[in-house]
Structure formats: C-alpha cells, structure tokens
Amino acid sequence: MNTDVVIFVGPTLDQAQARELLDARYLPPAAQGDVYREARSGPLAIGIIDGYFEQVPAVWHKEILWAISHGVHVFGASSMGALRAAELHRYGMHGCGKIWRDFLEGRLEDDDEVTIVHGPAESGYIKASEAMVNIRATLESATEQKIIDPDTRDCLLSHAKVTWYPHRNYADLTKSIHSTMPDISNRLQHWLTNNSIDQKALDAKTMLMEMSTFLEGSPTPATASFHFEHTDAWEQVRREVDRKAGPSVTASGDPAVTETHGMRYDELLDELRLFPATYHRTVQLAMQRRMARELSLADGIQPDTEKLKIVHDQFRQQRNLHQPEAIQQWLADNHMDARRFTDLLESLFHTDRIQRLMNADIDRDLGVQMILDGIYPEQFNRAQTKHALLEHFGLENPSVDDADVSEQALWQWFLTERDDGKEMPENLSAYAQQLGFYNREQMRRALLREYCYLQRINKERSPVG
C-alpha cells in the first residue's frame, strides 16, 4: 500500500476496483478536517472522490488550500471532489472527468447534482438513490440510441430535477410517464436494466488513472500560486483537528496528568466538569496561562478602529452602559482615563481572539491547573475510586435503566445538586459544551456514571438491619 497517496472514496467506487487502478491508502468519504489531518503527514498527493454533505460539516476549501500550500497535490472528481476541484481549480487543485468539467464551465451548478443517499460503510455504502449527473448521462445515452426522443428526455430530466434527491431513482422516472406513454416507459425500463450509466464511477476511475500517470512522472511537491491566509476561523478548525487527530491529551508531556493506574485523563476531567463552579474557575485560570504563552508569541496583529468599535459596543452592551453619562460614571468609578480605556479595549480584543483560538485544546492545560489549585489528588482519587467501583459492578457505560432514573430526572438532579438549581436549558448540547463536554451524549454518560456511583456509595454506607 502506497502511504504517500491518500484517496477519499465511499459509495461512488468500490475500494477493490479503485486499488486495481491506483496503489494508495483509501479512506472513507471526507468530512471537514479530514484533508488537513491527512495532509499534516506530508503525502505527495490526495484524491477526493466522495465527501459528506449534510450529516457532518463538509470538507472545507481552506484545508485543501492549506494542503496545496504545503506541497500536496490535491485531485478531485465525481462527487464532492468535482465540486471542490471546480471551485479551487484556479488555486491549483487538479480536476478530472466530465462532471468536474461541467461544474467548471457552468453547465452544472447545484450540489444536489452529485448528492445521493447511501448506507453506512458496513453495508458497502449501498446506494438508496441515484445521482442527478448519472440520470443525465443515462437519459442522454437513451436518446442517442433512440430509446426515447429528446422531448421525453427533457420531460424526464425536469421530473428528476424537481424530485428531492433522496427520492431520485429510475423506477420513479419510468413510473412518471407510464400513464401517458406506457410503451415508452416499458421500453426505457427494460433498456435501463443493462444500459444505465454511472458517470460518477467513470469519473472516479478517470481520476485514479490520471493520478497514476501523474505519479509515474516523479512529480516534485506542489507549489502554491497564492498566499495562504491564517484566519482565526482556520486556526479554530485546525486546532480542533489537531486535538482529535494528534496524540492523546494524556500524552501532553506533563507526568502528573499522564495515564496511570488504568485511569483515563477524560475520567479525571469528568470529575472537574461535574462541579460547574470549580470547572469554570479552573478553565479561566488555565486559559490565562495559555493566553500568556500565546501573547508572548503574538504575530503582531493589531485591532483597527472598526474592530475596537465592535469591542467597545459589546463592552457597553454587556454592562448596560447605554447612555453617555453611564459610561462616564463607569470610567470615573474605575479610575479610567481615555488612554487606559483604549488599552483595556485592545486587551479585550486580544483576549477574545486568543480565547477563540484556544478553546479547542484547553483540556490539556486543566490537569496542570488542578495541580496548581491543590485539587488534583482529590479529583484523581475520586475518579480512580469511581472507575474501580463501576467496573466492578459492570457499570462502565450505564443506561437509565441501570440507574433507575428517567432522562428528565437525571438532568434535573444534576441541575439541582450541582448547578445551583438552574432551570432546564432549552439546548442541552450547548449546555454540555459550556461544561467542556464534546456533546450532550458525552455529558449524559458522565451523569449516568456519577449517578450510579453515588447510588452504590450510598448503598455501601447504609446500615445492615
């Protein structure tokens, strides 16, 4: 297997077929961050055939540009690859096949032309709908072979285009004209059995063959014709990918927070997260330490007048300083003159900027801050005890049935006992993320583990009659 070449492919082409055309490392359809993650290791080439559209964020233009700017040749065809190659062709992304060319030259414009519904990887990405680009190619062929006439072709194309993409299929197409043109419908249905065209698969094979020829020429690394701009949005995504794809946070280099005695760092952090007041204070202090490091390496970015005005307006709004006399009184109360207030606003600008960049990987600093606060031994011992007890009773991943508590009661218990009786948030996912969990499901697991742990502790302490 050639690890110097990476291909993202899913429902468009079977990997076994793909390997016959190009020796490469084959990965599932690309989502946001995947191209950057693979480009970090410096492959010579990356090929994008399939990518996710709706379930998760799509592969980002910025990560493809980053890959090109770091010497990686990026190819695209068929599906998501064709879309991105048409959009980034002028920046050096290689496009291949008919679909890419049609997008590049404006004959196709909509993403739904290549979008389909398919099953999971375990099913072999079994297709549950047909791509519009395949329908176009197939009906064009049927017209050329006199199976249908041009007017019928146009009628069927119109019907397919207005049909929501998950429902597009050839059975629906032939059915749509059966009542008015039964003979043509039957003839087309019979012809489709062995003559439908998979343009996406053809383009995928074209890309793999072109990549094979390209690589046989021993190409040098790609050279970017553009300057890659390191925006704050890019840094946030990059850091999040680095955190997930890089070494475990338990291998951050601090002996005090490395995995030991079978304890995972996440379990230790759960102890912190389950006490909101302590968690928020620890995050803030850890963030300050990280900010100090970042600011010492500042790249010279300075806020202009417009950005300072935005910070100023946010500052006043957050403190209800709407009237001129209110801000004047605040300045007087806090012994602030105009120069010091401007310095404060600049500080807030840098703090907000660095905080946005650092949020993605602050977890690795929390363990050190726990040590500095003197709460590390207590939190570690509690996490270790909980781990051992839940493992003993087979409750490593308990359900609500194991805990004998309803979903609503579980969240209400936590809000009442640990978060000052806060009302049930409308968005539990956002609430979980505020406490450092990746999503609602991760927090739910931590709550169930805590609830079961306390139940078992209470039972152990209950007197025997």
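In this text, all values refer to a predicted model and were calculated from it rather than measured experimentally. Along each chain, numbering runs from 1 in the same order as the chain's sequence is written. At least 70 in pLDDT is required for a residue's local features to be given in this predicted model, at least 80 for side-chain atom pairs to be given and counted, and no such filter applies to totals for whole chains, interfaces and linings, which use all residues. Hydrogens and water are ignored here; the side-chain numbers use all heavy atoms of the structure.

## Describing empty space enclosed by the protein
Here a cavity denotes grid points, spaced 1 Å and computed from the protein atoms alone, that fit a 1.4 Å probe unable to get out, and a pocket denotes an open set having protein on both sides within 12 Å along at least 5 of 7 lines; residues with an atom within 4 Å of a point are the lining. Grid points are joined across faces, edges and corners, and a volume is the space filled by probe spheres set on the points. Throughout the structure, instances matching the rule amount to 3 cavities of 30 Å³ or more. Of the volumes computed, that of the largest cavity is approximately 50 Å³. What lines the largest cavity is Pro11, Thr12, Ile116, Lys127, Ala131, Asn134, Asp198 and Lys200. Ten residue types, Ala, Val, Leu, Ile, Met, Phe, Trp, Tyr, Cys and Pro, are classed as nonpolar, four, Asp, Glu, Lys and Arg, as charged, and the remainder, Gly among them, as polar. Residues of the lining of the largest cavity, tallied by class, amount to 3 nonpolar, 2 polar and 3 charged.

## A word on the sheet that holds strand E3 (residues 45–48)
Each pair of strands is called paired provided DSSP finds at least two bridges between the two strands. By the criteria applied, helices consist of DSSP H or I runs no shorter than four residues and strands consist of E runs no shorter than two, each listed in order from the N terminus. One open sheet accounts for 5 strands, arranged E2-E1-E3-E4-E5; its pairing is parallel. Whereas interior strands pair on both sides, the edge strands pair on one side only; in this sheet they are strand E2 (25–27) and strand E5 (94–95). Strand direction decides the pairing type here: strand E4 (residues 73–76) and E5, joined by 2 bridges, are parallel. Bridging across to E5, glycine 76 finds its partner in glycine 95. Contacts were defined at the residue level, with two residues in contact if any of their heavy atoms lie within 4.5 Å. Whenever a helix is involved, its axis is fitted only over the stretch in contact; in every case the axis is a line through C-alpha atoms, and angles between N-to-C directions fall within 0 to 180 degrees. Along the sheet, helix H4 (residues 80–88) contacts E3, E4 and E5; its crossing angle with E4, the most-contacted strand, is approximately 120°. Helix H10 (residues 199–216) rests against strand E1 (5–8), E2, E3, E4 and E5 of the sheet, and its axis sits at about 170° to E3.

## Some remarks on the side chain of threonine 115
In this fold, threonine 115 is placed in the loop between helix H5 (97–104) and helix H6 (132–144). Assessed through its relative accessible area of 6%, threonine 115 is described here as buried. In terms of polar contacts, threonine 115 uses its side chain to reach the backbone carbonyl oxygen of aspartate 111, at 2.9 Å. Throughout, exposure labels follow a simple rule: accessible area from a 1.4 Å probe, protein chains only, divided by the maximum for the residue type, with under 20% read as buried, over 50% as exposed, and the rest as partly exposed. Pairs of N or O atoms are called polar contacts if they sit within 3.5 Å, as long as, within protein, a hydrogen donor faces a hydrogen acceptor (for residues adjacent in sequence, only side-chain-to-side-chain pairs).

## Section: unusual backbone geometry
Although it is not a glycine, serine 218 sits at a positive phi angle of roughly 50°. Structurally, serine 218 can be placed in the loop between H10 and helix H11 (232–245). The exposure class of serine 218 is exposed, given its relative accessible area of 60%. You will see that aspartate 420, though not glycine, has its phi angle at about 55°, which is positive. By the secondary structure assignment, aspartate 420 is in the loop between helix H20 (407–418) and helix H21 (428–434). Overall, the relative accessible area of 78% leaves aspartate 420 in the exposed class.

## Here's the deal with the packing of aromatic side chains
Each aromatic pair joins two rings of Phe, Tyr and Trp (for Trp, the six-membered one) with centres within 6.5 Å, and gets the label stacked for planes under 30 degrees apart, edge-to-face for over 60, and tilted for any other angle. Under the defined criterion, the tally for this structure stands at 13 aromatic pairs. Here phenylalanine 75 and phenylalanine 214 contribute two aromatic rings whose centre-to-centre distance is 5.3 Å and whose plane-to-plane angle is 70°, an arrangement assigned as edge-to-face. Of the two residues, phenylalanine 75 is situated in strand E4 and phenylalanine 214 in helix H10; the sequence distance between them amounts to 139 residues. A relative accessible area of 3% means that phenylalanine 75 is categorised as buried. We classify phenylalanine 214 as partly exposed; its relative accessible area is 25%. By way of ring pairs, the aromatic residues Tyr36, Trp60, Trp66, Phe228 and Trp234 are connected into one cluster.

## Structural notes on the pattern of salt bridges
The term salt bridge refers to a pairing of a side-chain nitrogen on Lys or Arg with a carboxyl oxygen on Asp or Glu at a separation within 4 Å. Summed over the entire model, instances satisfying the criterion amount to 31 salt bridges. The closest approach of N and O atoms between arginine 153 and glutamate 140, which form a salt bridge, is 3.5 Å. With arginine 153 in helix H7 (residues 150–162) and glutamate 140 in helix H6, this pair connects stretches of sequence that are 13 residues apart. We classify arginine 153 as buried; its relative accessible area is 16%. Residue aspartate 313 pairs with lysine 309 through a salt bridge whose shortest N-O separation is 2.9 Å. Separated by 4 residues within a single helix, aspartate 313 and lysine 309 lie in helix H14 (residues 305–318), roughly one turn from each other. Among the charged side chains, a salt-bridge network with shared partners connects Asp110, Asp112, Glu113, Arg136, Lys161 and Arg168.

## So, the nonpolar core
Core analysis: the largest hydrophobic core is formed by 40 residues, its most contacted members being Leu366, Phe414 and Met443. Where this core is concerned, the elements lending two or more residues are helix H12 (265–273), helix H13 (276–296), helix H17 (363–373), helix H18 (376–392), H20, H21 and helix H22 (440–461). Per-element tally for this core: the top contributor is H22, with 8 residues. We define a nonpolar core as any set of buried Ala, Val, Leu, Ile, Met, Phe, Trp, Tyr and Cys residues linked to one another through side-chain atoms lying within 4.5 Å.

## With respect to helix H15 (residues 324–333)
Along H15, the positions that sit buried rather than exposed are Ile327, Trp330 and Leu331. All buried residues of H15 lie within an arc of 100° about the axis, which places them on one face of the element. Turned more than 90 degrees away from the buried face of H15 sit Glu325, Gln328 and Asp333, all of them exposed. In the segment just after H15, histidine 335 is the residue with positive phi, at about 55°. The arc under discussion is defined with respect to the helix axis, by the directions toward the C-beta atoms.

## Some remarks on the pairing of E4
Residues in a regular strand project their side chains so that they alternate between the two faces of the sheet. Residue alternation in E4 divides its side chains into two sets, His73 and Phe75 and Val74 and Gly76, and both sets are buried. Relative to E4, E3 runs parallel, the two sharing 4 bridges. Bridged to alanine 45 within E4 is histidine 73. Note on handedness: a crossover is taken as right-handed if, strands pointing away from the viewer, the path from the first strand over the helix to the second is clockwise. A crossover connection joins E4 to the parallel E5 through H4; in handedness this β-α-β unit is right-handed.

Bear in mind that shape data such as this cannot, by itself, settle questions of function.
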